[in-house]
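Listed below are the residues making up each chain.
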Amino acid sequence: MQRFILGKKNQIVLVSAILIVIGFVSALAFKNELVANWAFGIASVIGAAPIAIQAFQALKVKVISIDLLVTIAVIGAFLIKNLEESAIVTFLFLFGAYLEQRTLNKTRSAIKELTEMAPESALKQMENGEFVEVEVDDVDVGDILLVKTGARVPVDGTVLVGEGFINEASITGESVPVSKEVDSGVYAGTILDNGTLQIVANRVGEDTTFGKIIELVEEAQDSKSEAERFIDRFAKYYTPAVLVMAFIVWLFSRDVELAITILVLGCPGALVIGVPVSNVAGIGNGARHGVLLKGSEIINDFSKVDAIIFDKTGTLTIGNPQVAENVYYTDGDDETLSYLASVENESDHPLANAIVEYIGTAKMYPVENTEVIKGGGIVAQVDGHKVAVGNIALMEKENIPLNDQAMADIERMEQNGNSLVLTAVDGELKTLMGIRDQIRPGVKEDLQRLKKLGVKNLVVLSGDNQGTVDLVARELGLTEAHGHMLPEDKASYIKKLQDEGQIVAFVGDGVNDSPSLALAQIGIAMGGGTDVAIETSDVVLMNSDFSRLPHALGLCKATARNMHQNIVIAVGVVLALLSFVFFTDWMNMSIGMLVHEGSILVVILNGMRLLRYRLKY
Amino acid sequence: MQKATIQTEPLTCPSCVQKIENATKSLDGVDKESVKVLFNSSKVKFDFDPAKVSLEDVVKAITALGYEVVKSQAKD
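Residues numbered from 1 in each chain as written. Chains lettered and ligands numbered in written order. Predicted model: local features only at pLDDT ≥ 70, side-chain atom pairs only at ≥ 80, totals over all residues.

**Q** If you had to explain the overall build of chain B to someone new, which residues and values would you point to?
**A** Per the secondary structure count, chain B includes two helices and four strands. Listed N to C, the secondary structure of chain B is β-α-β-β-α-β in terms of helices and strands. Against the compact-globule benchmark of 11 Å for 76 residues, chain B has a radius of gyration of 11 Å, which places it among compact chains. Expressed as lengths along the three principal axes of its C-alpha atoms, the size of chain B is roughly 35 × 20 × 20 Å. (Helix = DSSP H or I, 4+ residues; strand = E, 2+ residues; numbered from the N terminus. Rg over C-alpha atoms; globule rule 2.2 N^0.38 Å.)

**Q** Which residues make up the overall build of chain A, and what are the values?
**A** Counting its secondary structure elements, chain A contains 24 helices and 20 strands. Summarising its shape, the C-alpha atoms of chain A cover approximately 115 × 70 × 40 Å along the three principal directions. With 617 residues in all, chain A has 46% of them scored as buried. (Buried ≥ 20, exposed ≤ 12 C-beta atoms within 10 Å, placed from the backbone.)

**Q** Provide a residue-level description of the packing of helix 8 (residues 209-222) of chain A against helix 11 (residues 269-288) of chain A, including the pertinent values.
**A** Helix packing geometry: the angle between the two helix axes and the distance between the axes. Residue and element names in this part refer to chain A. Taken N-terminus to C-terminus, the directions of helix 8 and helix 11 make an angle of 150 degrees; their axes are 8 Å apart at the nearest point. One element, helix 8, and the other, helix 11, form an angle in the roughly antiparallel class. The interaxial crossing formed by helix 8 with helix 11 has right-handed handedness. Contacts between helix 8 and helix 11 involve V217, A220 and Q221 on the former and, on the latter, N279, V280, I283 and A287. A breakdown of the residues in the contact of helix 8 with helix 11 according to their chemical character gives five nonpolar, two polar and no charged. (Axes fitted to C-alpha atoms, helices over the stretch in contact; angles between N-to-C directions. Parallel < 35°, antiparallel > 145°, perpendicular 65-115°, else oblique. Left-handed = near helix turned anticlockwise from the far one by under 90°. Contact = placed C-beta atoms within 7 Å. Nonpolar A, V, L, I, M, F, W, Y, C, P; charged D, E, K, R; others polar.)

**Q** With reference to specific residues and values, describe the interface of chain A and chain B.
**A** The interface is formed by 26 residues belonging to chain A together with 16 residues belonging to chain B. Of the residues that constitute the side of chain A that touches chain B, the class distribution is twelve nonpolar, eight polar and six charged.

**Q** Lay out the sheet that holds strand 2 (residues 36-38) of chain B in plain terms, naming residues and giving numbers.
**A** Residues and elements named next belong to chain B. Pairing within the open sheet is antiparallel, and its four strands lie in the order 2-3-1-4. A single partner strand is all that each edge strand has here, and the edge strands are strand 2 and strand 4 (69-75). Each neighbouring strand pair of the sheet contributes to a mean axis angle of 15 degrees, computed without reference to strand direction. In terms of strand pairing, strand 1 (residues 2-8) meets strand 3 (residues 43-48) through six bridges, oriented antiparallel. Paired with I6 across the two strands is V44, which belongs to strand 3. (Pairing = 2+ DSSP bridges.)

**Q** Quick rundown of unusual backbone geometry? Include the residues and the values.
**A** All names here are of chain A. Backbone geometry at D383 places phi at a positive 50 degrees, although glycine is not the residue there. Structurally, D383 is set in the loop between strand 12 (377-382) and strand 13 (385-390). Take D383: there are 15 C-beta atoms within 10 Å of it, and that puts it in the partly exposed class. Backbone geometry at N399 places phi at a positive 60 degrees, although glycine is not the residue there. Inspection of the secondary structure assignment puts N399 in the loop between helix 16 (392-397) and helix 17 (404-415).

**Q** Run through the packing of helix 10 (residues 256-265) of chain A against helix 23 (residues 548-583) of chain A, naming residues and quoting values.
**A** All names here are of chain A. Packing of helix 10 against helix 23 leaves a shortest axis separation of 10 Å and a crossing angle of 175 degrees. Put simply, helix 10 runs roughly antiparallel to helix 23. The residues of helix 23 that touch helix 10, namely those facing T261, I262 and L265, are V574, L577, L578 and V581. Across the contact of helix 10 with helix 23, the residue classes break down as six nonpolar, one polar and no charged.

**Q** Explain helix 2 (residues 55-64) of chain B to me, and be specific about the residues and the numbers.
**A** All names here are of chain B. Buried within helix 2 are the following residues: V58, A61 and I62. Take helix 2 and look down its axis: the buried residues cluster within an arc of 95 degrees, on one side only. Next to the buried residues of helix 2 lie strand 1, helix 1 (16-25), strand 3 and strand 4. Two residues or fewer past helix 2, G66 is found with a positive phi of approximately 110 degrees. (Arc of directions from axis to C-beta.)

**Q** Report on the pairing of strand 16 (residues 457-461) of chain A, specifying residues and quantitative values.
**A** Residues and elements named next belong to chain A. Burial within strand 16 is extensive, with four of its five residues counted as buried. Both strand 9 (residues 307-311) and strand 16 contribute to a ladder of five bridges, which runs parallel. Bridging from a neighbouring strand, I309 pairs with V459 of strand 16. Taken together, the three bridges between strand 16 and strand 17 (residues 480-482) define a ladder with parallel strand orientation.

**Q** Please provide a residue-by-residue account of the sheet that holds strand 12 of chain A, values included.
**A** All names here are of chain A. Read from one edge to the other, the open sheet built from six strands follows the order 10-15-14-13-12-11, with strand pairing classed as antiparallel. A single partner strand is all that each edge strand has here, and the edge strands are strand 10 (322-328) and strand 11 (367-373). Across the sheet, the mean angle separating the axes of adjacent strands is 15 degrees when strand polarity is ignored. The strands touched by helix 14 (residues 336-345) are strand 11, strand 12, strand 13, strand 14 (419-425) and strand 15 (428-436); relative to strand 13, the strand with the most contacts, the crossing angle is about 65 degrees.

**Q** Explain the environment of A:M526 to me, and be specific about the residues and the numbers.
**A** Residues and elements named next belong to chain A. By the element assignment, M526 lies in the loop between strand 19 (522-525) and helix 22 (531-536). The exposure class assigned to M526 is buried, which follows from the 25 C-beta atoms found within 10 Å. When near neighbours in sequence (up to four residues on either side) are disregarded, M526 contacts G314, T315, V507, G508, D509, L541 and S544.

**Q** Describe the nonpolar core, listing the residues and the values that go with them.
**A** Residue and element names in this part refer to chain A. In terms of nonpolar packing, the biggest core is built from 164 residues, with A73, V89, V217, V264, V460, A505 and V539 touching the most fellow members. In terms of residue count, the dominant contributor to this core is helix 23 (13 residues). In contact with V460, not counting residues within four places along its chain, are F310, K312, L316, V469, V472, A473, L478 and A481. Membership of the second largest hydrophobic core comes to 29 residues, among which are V343, A388, L422 and I435. (Core = buried A, V, L, I, M, F, W, Y, C linked by C-beta atoms within 7 Å.)

**Q** Explain the environment of A:I171 to me, and be specific about the residues and the numbers.
**A** Residue placement: A:I171 occurs in helix 7 (residues 169-172). Once the C-alpha coordinates of A:I171 and A:K124 are considered, the two residues, 47 residues apart in sequence, prove to be 23 Å apart.

**Q** How would you sum up helix 17 of chain A? Please name residues and give values.
**A** All names here are of chain A. Helix length check: helix 17 (twelve residues) gives 17 Å between terminal C-alpha atoms against 16 Å at 1.5 Å per residue, within 8%. Burial in helix 17 covers these residues: I410, M413 and E414. Along the axis of helix 17, the buried positions cluster into a sector of 100 degrees, meaning they face one direction only. For helix 17, the exposed residues set more than 90 degrees away from the buried face come down to D404, Q405, A408, E411 and Q415. Looking at the buried positions of helix 17, the neighbouring elements they touch are strand 10, helix 16, strand 14, strand 15 and helix 19 (466-476). G417 occupies a position one or two residues after helix 17 and carries a positive phi of about 80 degrees. (Expected span 1.5 Å × (residues − 1).)

**Q** Break down the environment of A:G572 for me, with residues and values.
**A** On the secondary structure map, A:G572 appears in helix 23. Distance in space between the C-alpha atoms of A:G572 and A:S599 is 9.7 Å, their sequence separation being 27 residues.

In structure tokens, the structure reads:
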């Protein structure tokens, strides 16, 4: 019975509205009090029914809800024969709830779009070799699945048979299709543009990258900042307090009308909905633009950021360094390049890769006794010779003499912003290479936008030499630049700024800079949709697109502003209503309820504005 | 201990979260600390001891409050 009534709320609103109109028309046009009273009376009863049921159910679980306050108010109105008021109040309350539902759904739509992209079914291979359609929840790790052209990949997996092109936009934001063949990895939620693939499932359901992104967004929507947790606690005690206050007012004034009006006006509806609405809209906007904000606390912190610290290689630069210059110090250059190539071939360092690429085909020698010196380079035995490859610090450590010519070259190349790699064989300096890593296109403009948004400090920290770092800082207009930094040094630097009271954001590589990412209040990993970036970042830039950073910052500031606006509206309206009811005559329940519901809608609509936020260039 | 996720019809009223939270926590066998009601995605997440309470029991409690349950699942 209860379920039935609750299910018919929309119809009740409609019938109630009609009855109220009949009531007014009767009373005002036909002066027929009897019909009017019956109309209002019936409207009140059918309107109050669902509200009373909700109030009762809340009481059963020990919650004093707004429904209870409204129910008591309506009963009070009935008792003092104010049927018109009780009808209007119940109507407004139900209608308001209906409007709230519609607008809230719209606000949540951005995120709904994301979850709707999740695949529901998959073609699984059975024992007899045939592919049968099953629900995606029934796929286990190790199952073999068939993906046809145009279909969504159902799970994270590896290609066993076939090839094709996949649109990975839902994970990386890149709309250029990626080619896949045997042994390629594929992600759940991506679309197979053309081709046919048989894949083996590696991760299913919530463990897929897509599943993790959805979970991340859902948790972010409801993550509460300090302010929100406070509001929640406040609302829990405030609602019963209104009940008590109304009761006390009734005791002292015996004015039932006044007391029940207070009951209606005191409801904190707008306050409780106001902040979460801004949160959802902000996060929804972010998700649509390739930025995942991991929650309300992050949004608030980032909006107040004082300093943004960037890692250089791979963040500000493309991360694909190339040898720009090569100087020889001995004649007849013999096997040096081959030894160098052999040693650098063993390393994954970007500088090593650049050198190997530059040298091209060379005779490879076996490398023995390799010693990696942190912050310096590599020392190894090649073909019976002692080869040292690294920076100036390494040369000094190995006691390799650097003549005037060499020192001049070093200074010149550093000034030009090169990373230097010196190679010495058997204690003699053989070559000096200058390696340059190009700055990502568009970074300069993006940094300018960040400055315009009010970030005071833009700092670059790098393991590279000071000359390179200074050049980058000059070119990009950064406030500070520090080179020769090991990962621990970067973390210490961040701590120093934080001790000064600054809010710090760190943008870097998800893998090497984990201590810094964890320490900074806002960690931003440029790993795109990879697991590491998702796990460690507070703000995830979906396809490592640096240009999303200004939008992310602008969005956070706009969202924080929006939340404040909503809080002000909510509190302001309640205070205004309460003062009106005490100090004026014309404030009654109906008007009070109208304004109350109105304020809730205003707050939701204000939140919805955020969905359309765009950074103005 | 199993992990459960219950999807309800879209939640819109401010007190919904409190009601569902209290109702879920009041069932013996549900780990009170783990109960999370996600207002915006309309989901209820919690851990429970299948020996003391079943997923159905929780679904019934939430439905009794007046909220339709769209989907429910539990896993170890």
